[in-house]
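# Reading the structure
Next come the chains, spelled out residue by residue.
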Amino acid sequence: MAEETLERMISSYMSTEQPVYSFGWQGGEPTLMGASFFRLVTELQRRHGRPGVAVSNGLQTNGTLITDEMAAHLAEFKFLVGVSVDGPADLHDRFRMNAAGAGTHASVMRGIEILRRHSVDFNTLTLVTQANARRGAEVYDWLVAQGFLYHQYIPCVEFMDDGSLASFSLDGESWGRFLCDLFDAWYTHDTRRVSIRLFDSLLHKIVDDRNVVCHLGRDCRQYFVVEHDGGIYPCDFFVRSDLRLGGVADTTWEQALDSQLYRAFGLAKCGWNERCRSCKWLGLCSGDCLKHRPGAPEAPANLSVLCTGLKMFFEHAAPRLNALADAIRTDRRREEELLRPAQSQAGRNDLCPCGSGRKFKKCCGRRNA
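Here the residue index of a chain counts from 1 through its sequence in written order. Totals for whole chains, interfaces and linings use every residue, but because this is a predicted model, local features are given only for residues with pLDDT of at least 70 and side-chain atom pairs only at 80 or more, for both listing and counting. The side-chain values count all of the structure's non-hydrogen atoms but skip hydrogen atoms and water molecules.

Let us look at the overall build of the protein chain. Comment: elements are numbered from the N terminus, with helices defined as DSSP H or I runs of at least four residues and strands as E runs of at least two. On a plain count of helices and strands, the protein chain comes out with 14 helices and nine strands. On the principal axes, the C-alpha backbone points of the protein chain span a range of 65 × 50 × 45 Å. Per-residue burial over the protein chain gives 45% buried out of 369 residues. Sequence-distant contacts, at least 24 apart, represent 61% of the contacts inside the protein chain between residues at least 6 apart. Accessible surface computed for the protein chain: about 19000 Å², of which carbon and sulfur atoms make up 50%. Charged-residue counts in this description rest on Lys and Arg as positive and Asp and Glu as negative, His and the chain ends being excluded. For charged residues, the charge sits on one atom: NZ in Lys, CZ in Arg, CG in Asp, CD in Glu. Side-chain charges of the protein chain comprise 44 positive and 45 negative groups, with the mean position of each set lying 7 Å from the other. Buried means the residue's accessible area, taken with a 1.4 Å probe over protein chains only, is under 20% of the maximum for its type, while exposed means over 50%, and partly exposed covers the values in between. Any two residues whose heavy atoms approach within 4.5 Å are treated as being in contact. Here, Shrake-Rupley sampling with a 1.4 Å probe gives the accessible areas, and only protein chains in the shown set may cover a residue.

This is how it looks when you write it as structure tokens:
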């Protein structure tokens, strides 16, 4: 991305009204840009941000090019880093090789050690393929043994030109079996210690009726993707010329948000198959991601190729997810009862007794108003 395009993207976005200005830096591999690129990013954010605004930066990386210089900068500006690691070396190196054909596991672990040395917050992202799908509990146990306590697992679903699944992709049964094995390994003694993004998100949905990840929602208008040339797109899985919403040089974010193309893309999410409408799990999966529905977004009524696996998982895990949801509700009631006396004595400009670090009037005092 050229510096002019980068500045235009940041300055225009930070001129809009947002509670938090959120940037997610992905690729390809974004660390190929080097530490100087991310120094420029934060310089531009400070230049174009108003005093007191909050900026959130996320970086997704394969971890092989992390340097001390880069890690120090990421730590200073509190980047949250996602590192792609698919389990122990024999699983990770099956598909994650360098240009010379050698496995990258050792390089990834070196990158993680550098992040740790500089106290950079990071989580792990595990791509689930045919290489590791049958070893879910083993992958989970290995990650936890390394001290990695924040996990994200993504199903690998890629279609060939004839519409068939690529050989390394998951089918529904493989994904379902992986999720069941993963859930069993996690539920035994780690529900309060290890964060798994999918399970956390399902609990948010059950307890608060909030969709904190896009594929659980019913409208795909969640964010914008900006390509290196400044082109704006609705989703990183659908960067296609026919879905281009404009460009940062000639399109405002309001225009992109209000475009009919963006609206149609977002509403395709709930153009479900008739079998979805009568499925008892629709409230949890919302038909799954459009990427997993062959022919979407033009044919959103096609079932997700992972449908059978999601049903398998929900049948397996729902009673225990509901028990966890009940425990969360109980904990919240107890916390509210303990906080009530302190809240009754808190002044509007005092720090909130809940420990958030915000003033009472902008935290629990606002909720209780």
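To continue, consider the side chain of Ser286. Of note, Ser286 is situated in the loop between helix H12 (282–285) and helix H13 (307–345). Among the polar contacts listed, one links the side chain of Ser286 to the backbone oxygen of Leu216, at a separation of 2.8 Å. Excluding residues that lie within four positions of it along the chain, Ser286 makes contacts with Lys205, His215, Leu216, Gly217, Arg218, Lys269, Trp272 and Arg293. Here a polar contact means two N or O atoms within 3.5 Å. Within protein one must be a hydrogen donor candidate and the other an acceptor candidate, and residues neighboring in sequence count only if both atoms are side-chain atoms.

A separate point is the side chain of Lys269. You can see Lys269 is positioned in the loop between helix H10 (260–267) and helix H11 (274–277). At a separation of 2.7 Å, a polar atom in the side chain of Lys269 contacts the main-chain carbonyl oxygen of Ser286. Looking at Lys269, its side chain comes within polar contact range of the main-chain oxygen of Asp288, at 3.3 Å.

In this chain, Gly27 is followed by Gly28 through a cis amide linkage whose omega measures 5°. By the secondary structure assignment, Gly28 is in the loop between strand S1 (21–25) and helix H2 (34–48). The peptide bond linking Ala296 to Pro297 adopts the cis configuration, its omega dihedral lying at 5°. Secondary-structure assignment places Pro297 in the loop between H12 and H13.

Here we come to the state of the cysteines. For this text, the term disulfide refers to a pair of cysteine sulfurs within 2.5 Å. Under the criterion given, the structure shown has zero disulfides. The closest cysteine sulfur to the non-disulfide-bonded Cys276 is located on Cys307, 6.0 Å from its own sulfur.

On to helix H6 (residues 136–145), then. Within the span of H6, buried status applies to Gly136, Val139, Tyr140, Trp142, Leu143 and Val144. Phi for Gly147, located one or two positions after H6, is positive at around 85°.

Turning to the sheet that holds strand S8 (residues 231–233), a few remarks are in order. By definition, two strands form a pair when at least two bridges between them are found by DSSP. Reading across the sheet, the three strands line up as S7-S8-S9 and stay open at both edges, with antiparallel pairing between neighbours. Edge positions in the open sheet fall to strand S7 (225–226) and strand S9 (246–247), since each of these has one partner strand only. Pairing of S7 with S8, which is carried by two bridges, proceeds in the antiparallel orientation. Considered in S8, the bridge of Val226 is made with Ile232.

For a helix, the expected span equals 1.5 Å multiplied by the number of residues minus one. Taking 1.5 Å per residue, 12 residues should reach 16 Å; helix H8 (residues 197–208) reaches 16 Å between its end C-alpha atoms and fits that length. Residues of H8 that are buried: Leu198, Phe199, Ser201, Leu202, Leu203, Lys205 and Val207. Tucked into the core, H8 has its buried residues touching helix H7 (172–187), strand S6 (195–196), H12 and H13. Just beyond H8, the residue with positive phi is Asp209, at close to 55°.

Burial of strand S4 (residues 122–128) is extensive: five of the seven residues sit out of reach of the surface. Pairing of strand S3 (residues 80–84) with S4, which is carried by four bridges, proceeds in the parallel orientation. Bridging from a neighbouring strand, Val83 pairs with Thr124 of S4. Examined bridge by bridge, S4 and strand S5 (residues 150–155) share five bridges and lie parallel to one another. The residue bridging Val128 from the neighbouring strand is Pro155, located in S5. When the strands point away from the viewer, a crossover counts as right-handed if the path from the first strand over the helix to the second runs clockwise. Read from S4 through H6 to S5, the crossover connection turns out right-handed.

Strand order in the open sheet made by the six strands is S1-S2-S3-S4-S5-S6, with parallel pairing throughout. Sheet topology places S1 and S6 at the edges, where each strand pairs with a single neighbour. Strand direction decides the pairing type here: S1 and strand S2 (residues 55–61), joined by five bridges, are parallel. Counterpart to Gly24 in the pairing with S2 is Gly58.

A few words on the packing of aromatic side chains. Note on aromatic pairs: the rings of Phe, Tyr and Trp (six-membered ring only in Trp) are paired at centre separations within 6.5 Å, and the planes decide the class, stacked below 30 degrees, edge-to-face beyond 60, tilted for the rest. Evaluation of the coordinates by the stated rule reveals 24 aromatic pairs. Seen in terms of ring centroids, Tyr153 and Phe178 are 5.7 Å apart; in terms of plane orientation they differ by 55°. Their pairing is tilted. Of this pair, Tyr153 sits in strand S5 while Phe178 sits in helix H7; the two residues are 25 residues apart in sequence, bridging distant segments of the chain. In this structure Tyr153 comes out as buried when scored by relative accessible area, which is 9%.

The term nonpolar core refers to a set of buried residues drawn from Ala, Val, Leu, Ile, Met, Phe, Trp, Tyr and Cys, joined through side-chain atoms within 4.5 Å. Core analysis: the largest hydrophobic core is formed by 76 residues, its most contacted members being Leu6, Trp25, Val81, Leu115, Tyr140 and Tyr153. The greatest single-element share of this core, amounting to eight residues, is contributed by H13. When neighbours within four sequence positions are excluded, Leu6 is seen to be in contact with Met1, Trp25, Phe37, Leu40, Val41 and Leu44. Cys235, Phe265, Leu290 and Ala296 belong to the second-largest nonpolar core, a separate cluster that totals eight residues.

What follows concerns the environment of Ala301. Tracing the backbone shows Ala301 in the loop between H12 and H13. Sequence spacing of Ala301 and Ala327 is 26 residues, and the spatial spacing of their C-alpha atoms is 36 Å.

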